[in-house]
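# Notes for the structure review
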Amino acid sequence: GRPWCLWHNEPEVRTPVTGNYPELWTELAGAVRRPESLSGLDDGAFAARVALLRGHAALPMVLYGLRQPDLWPALPAARRDLLAQEEMRYKAAAGVLWMEFEGILDRWAGEGLTPCLLKGAHAALAFYPAPHLRPMSDVDALFTDLDEADRAFEILKTLGYEETSIELGGDPWATHHHLTALMNFSTGFTAEVHGSMICPPKDKRAAAFKRLWENMRELSVNGRK
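Residues numbered from 1 in each chain as written. Predicted model: local features only at pLDDT ≥ 70, side-chain atom pairs only at ≥ 80, totals over all residues. Heavy atoms only, no water.

### Here's the deal with the packing of helix α3 (residues 59-66) against helix α4 (residues 77-110)
Packing of α3 against α4 brings their axes to within 10 Å, and their N-to-C directions diverge by 125 degrees. Between α3 and α4, the interaxial angle falls into the category oblique. Note on packing geometry: the crossing formed by α3 with α4 is left-handed. Mapping the contact onto sequence places L59, P60, L63 and L66 in α3 and L83, E86, E87 and Y90 in α4. Tallied by class, residues from the contact of α3 with α4 come to 6 nonpolar, no polar and 2 charged. (Axes fitted to C-alpha atoms, helices over the stretch in contact; angles between N-to-C directions. Helix = DSSP H or I, 4+ residues; strand = E, 2+ residues; numbered from the N terminus. Parallel < 35°, antiparallel > 145°, perpendicular 65-115°, else oblique. Left-handed = near helix turned anticlockwise from the far one by under 90°. Contact = heavy atoms within 4.5 Å. Nonpolar A, V, L, I, M, F, W, Y, C, P; charged D, E, K, R; others polar.)

### A closer look at the layout of surface pockets
Where empty space is left can be seen by rolling a probe of water-molecule size over the atoms. In this model, the largest pocket occupies a volume close to 540 Å³. Forming the boundary of the largest pocket are 22 residues, of which C116, L117, H122, M216 and R217 lie nearest the centre. Among the elements of the structure, β5 (116-118) and α8 (206-214) are those that each provide at least two residues to the lining of the largest pocket. The residue makeup of the lining of the largest pocket, split by class, is 13 nonpolar, 4 polar and 5 charged. (1 Å grid on protein atoms, 1.4 Å probe; cavity = no way out; pocket = protein on both sides within 12 Å on 5 of 7 lines; lining within 4 Å. Points joined across faces, edges and corners; volume = space filled by probe spheres on them.)

What follows is the structure in structure tokens.
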């Protein structure tokens, strides 16, 4: 098809496309596939590449690749120290996030509620070698019943989570497919309760969504199914 652009926060800033993917995606994917490519860069280019990878959440996977026995020892000590600090930061952030989410899961389970994990939370557990390799700023949870989703939302509020924005009227399920994001302002942890795959039986999407529900996979969050 025709070329398209990856839009950033400012509409006038675009990333051009080479083939089917933006050039930026190709560069990021190349660093993940070939982490050794960082070794040959001079100090300035190395720092710039690390900053680029960090800014687009690709740095953890590159660090994972660089930990190979034939790559890590060959790095200069200063670079090893810098990358080790970056790695520890990702591990610490993931540890805090998942520990807080485990507490939520325990509370939901006590009320008979079991969510489906969406997007980053699902990907981190299903596809990555370790959860910290998929950085996240929040967790998205989907329930198979909107009444259960409403209950899960209210339970979060009883735990001290506060709404991060004000809905502008209307049915949030119909207009947004999720409820207002809730945040623990003392930790910064944010959770979003979704119902985006719930629709009336006559909706043309219902059959496709039903097939997705039938093919759900069980995941374990530190022993929590």
